[in-house]
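Tertiary structure, described
Now for the letters of each chain:
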Amino acid sequence: MALVRIHTAPIVETLPELNTLPEAMAYYHSSEGNFDAQIYAAEKIASFAGGGVKLVHLMSDDPHIHKDMASYIASLLTAMDSKKAPIEEIMNLLKVRNAYIRNLGITTLQSYGDAIKYYIVKFLIGNDRDLRIFAINVLGDVNFAESREMLVELLEHENDINVAMTAVDYMSEIGEIKDIEVLEGVKERFDDAYVNFAVDNAIRCIRG
C-alpha cells in the first residue's frame, strides 16, 4: 500500500495583545526560553510609561539573563529619548557583578551624551561618599570632554581620602601638566603615605 503524505500547516504562534505594563512584564517572565516572545514583550514594555525602569530591572535582577536578550534590551534603552530615559537607574548597572551588563550600561549611557552630566554632578556634590566614588567611575568610563575639569574641581575641595584617591587614579590617565599643582595640594591636605604614593604615581604618568 502506498504511503500517503499528509501535509500539515505550520503552527504559527499568535502573540497576545499586551495593553498594560503589568501584562507585558508578566508575558516576558512567562516566556522564558522563547527569545522571540521575550523580544516582543520587551518592545511592549518600552512603549509604556515607566517601562524604561522595568527594562533596566530585567537586566540587573536576572543574573542568568542571556547576552542576546540583554543586548536587545540595551538597544531599546539606547533608542529612548534621553529626556525620558531612566538614566539614574541605568547608572546603577555599573554596580552589578556581571561585566557584560556593566559594559552595556556604559554603552547605553554614552549614547545619551550631555544628558547624563546632571546626574554625575548631582552625585559629585552630594554627601554620600559611595555615590561620589560611583560618579567618578562613571566619568572615567564615559569620557566626557569635561571629565578632567570635573575631577580637578572635585580634588580642589574633597576631604574624603577614598573619594580623592579614586579621582587621583583617573587623573593619572587624563590629567594634564597644569593639574600637577592641584595634585600636590591633595598630598598636603591628607599628609598620608598612601596618598603621597598615589599622587606621585599620577604625576609621573602625567609627565610621561
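Computed from a prediction, not measured in an experiment: that's the story for all the values here. Each chain has its residues counted from 1, running along the sequence as written. Local features are withheld for residues below a pLDDT of 70 in this predicted model, meaning they are given only at 70 or higher, and side-chain atom pairs are given and counted only at 80 or more; totals for whole chains, interfaces and linings count all residues. Calculated side-chain values reflect all of the structure's heavy atoms, with hydrogen atoms and water omitted.

Some remarks on the overall build of the protein chain
Quick reminder of the rule: Helix and strand definitions here come from DSSP, where helices need a minimum of 4 consecutive H or I residues and strands a minimum of 2 consecutive E residues; each element is numbered from the N-terminal end. Within these notes, the globule rule equals 2.2 Å times the number of residues to the 0.38 power, and the radius of gyration is based on C-alpha atoms. Think of it in three bands: residues with accessible area under 20% of the maximum for their type are buried, residues over 50% are exposed, and the middle band is partly exposed, with areas taken using a 1.4 Å probe on protein chains only. Any two residues having at least one pair of non-hydrogen atoms within 4.5 Å are treated as being in contact. Accessibility throughout is a Shrake-Rupley quantity obtained with a 1.4 Å probe, and a residue counts as covered only by protein chains that appear here. In summary, the charge assignment counts Lys and Arg as positive and Asp and Glu as negative, without counting His or the chain termini. Working definition for charges: the position is that of NZ of Lys, CZ of Arg, CG of Asp or CD of Glu.
If you tally the helices and strands in the protein chain, you get 12 helices and 0 strands. In the protein chain, the succession of helices and strands from N to C terminus is α-α-α-α-α-α-α-α-α-α-α-α. For 208 residues, the compact-globule estimate of 2.2 N^0.38 gives 17 Å, and the C-alpha radius of gyration of the protein chain, at 24 Å, exceeds that figure by more than 25%. With the C-alpha coordinates aligned to their principal axes, the bounding extent of the protein chain is approximately 95 × 40 × 25 Å. Expressed as a percentage of its 208 residues, the buried residues of the protein chain come to 44%. Sequence-distant contacts in the protein chain: of pairs separated by 6 or more residues, those separated by 24 or more amount to 59%. Summed over all atoms, the accessible surface of the protein chain reaches about 12,200 Å², with 51% contributed by carbon and sulfur. The protein chain carries 19 positive and 32 negative side-chain charges, and their two centres are separated by 2 Å.

What to know about the side chain of R132
Residue placement: R132 occurs in helix 8 (residues 129-142). Leaving out residues up to four positions away in the same chain, R132 has contacts with F123, L124, G126, N127, E158, D160 and V163.

As for helix 11 (residues 180-190)
How we decide: The directions considered for the arc run from the helix axis to the C-beta atoms.
Listed in full, the buried residues belonging to helix 11 are I180, V182, L183, V186, K187 and F190. Looking straight down helix 11, one finds that the buried residues subtend no more than 165 degrees of arc, so they occupy a single side. With respect to the buried face of helix 11, the exposed residues turned more than 90 degrees away are E181 and E188. Lining the buried residues of helix 11 we find helix 9 (147-155), helix 10 (161-174) and helix 12 (193-207).

A word on the layout of surface pockets
The cut-off we apply is this: Method remark: on a 1 Å grid restricted to protein atoms, a set of points is classed as a cavity if a 1.4 Å probe fits but cannot get out and as a pocket if it is open with protein on both sides within 12 Å along at least five of seven lines; lining residues have an atom within 4 Å of a point. Grid points are joined across faces, edges and corners, and a volume is the space filled by probe spheres set on the points. Under this grouping Gly is polar, as are all residues other than the nonpolar Ala, Val, Leu, Ile, Met, Phe, Trp, Tyr, Cys and Pro and the charged Asp, Glu, Lys and Arg.
In this structure, the largest pocket spans a volume of roughly 360 Å³. Residue lining of the largest pocket: 17 residues in total, with Y28, E32, Q38, D62 and I65 positioned closest to the centre. Elements supplying a minimum of two residues to the lining of the largest pocket: helix 1 (21-30), helix 2 (35-47) and helix 3 (51-61). No other element matches the 4 residues that helix 3 contributes to the lining of the largest pocket. Residues of the lining of the largest pocket, tallied by class, amount to 6 nonpolar, 7 polar and 4 charged. Empty space within the second largest pocket amounts to approximately 160 Å³. Those elements that provide at least two residues to the lining of the second largest pocket are helix 7 (117-124) and helix 9. For the lining of the second largest pocket, the leading source of residues is helix 9, giving 3 residues.

Let's talk about the side chain of T166
To be explicit about the condition: N or O atoms within 3.5 Å of each other form a polar contact, as long as, within protein, one can give a hydrogen and the other can take it, and as long as residues adjacent in sequence are counted only when both atoms are side-chain atoms.
With respect to the element layout, T166 can be found in helix 10. Within the local environment of T166, its side chain forms a polar contact with the backbone oxygen of N162, the two atoms lying 2.9 Å apart.

Quick notes on helix 8
Quick reminder of the rule: For a helix, the expected span equals 1.5 Å multiplied by the residue count minus one.
Taking 1.5 Å of rise per residue, the 14 residues of helix 8 would be expected to cover 20 Å, and the 20 Å separating its terminal C-alpha atoms lies within 8% of that figure. Among the residues making up helix 8, those that are buried are R132, I133, F134, A135, I136, V138, L139, G140 and V142. If you check the start of helix 8, you find a side-chain oxygen 2.9 Å away from the backbone N of D130, and it comes from D128. Remark: N143 follows helix 8 within two positions and exhibits a positive phi of approximately 55 degrees.

Topic: the nonpolar core
What counts is decided by this rule: Only buried Ala, Val, Leu, Ile, Met, Phe, Trp, Tyr and Cys residues count toward a nonpolar core, and they belong to the same one when joined by side-chain atoms within 4.5 Å.
Of all hydrophobic cores here, the largest spans 72 residues; its most connected members are I73, I120 and L155. Setting aside its immediate chain neighbours within four residues, I120 contacts M91, A135, V138, L139, F144 and M150.

A word on the packing of helix 11 against helix 12
Definition in use: Helix axes use the C-alpha atoms of the stretch in contact, all axes being lines fitted to C-alpha atoms, and the angles between their N-to-C directions lie in the range 0 to 180 degrees. To sort the angles, those under 35 degrees are grouped as roughly parallel, those over 145 as roughly antiparallel, those from 65 to 115 as roughly perpendicular, and the leftovers as oblique.
Viewed as axis vectors pointing N to C, helix 11 and helix 12 meet at an angle of 170 degrees, and their least axial separation amounts to 9 Å. One way to sum up the angle between helix 11 and helix 12 is to call them roughly antiparallel. Residues I180, L183, E184, V186, K187 and F190 of helix 11 form the contact with helix 12, whose participating residues are V195, N196, V199, D200, A202, I203, I206 and R207. Classifying every residue of the contact of helix 11 with helix 12 gives 9 nonpolar, 1 polar and 4 charged.

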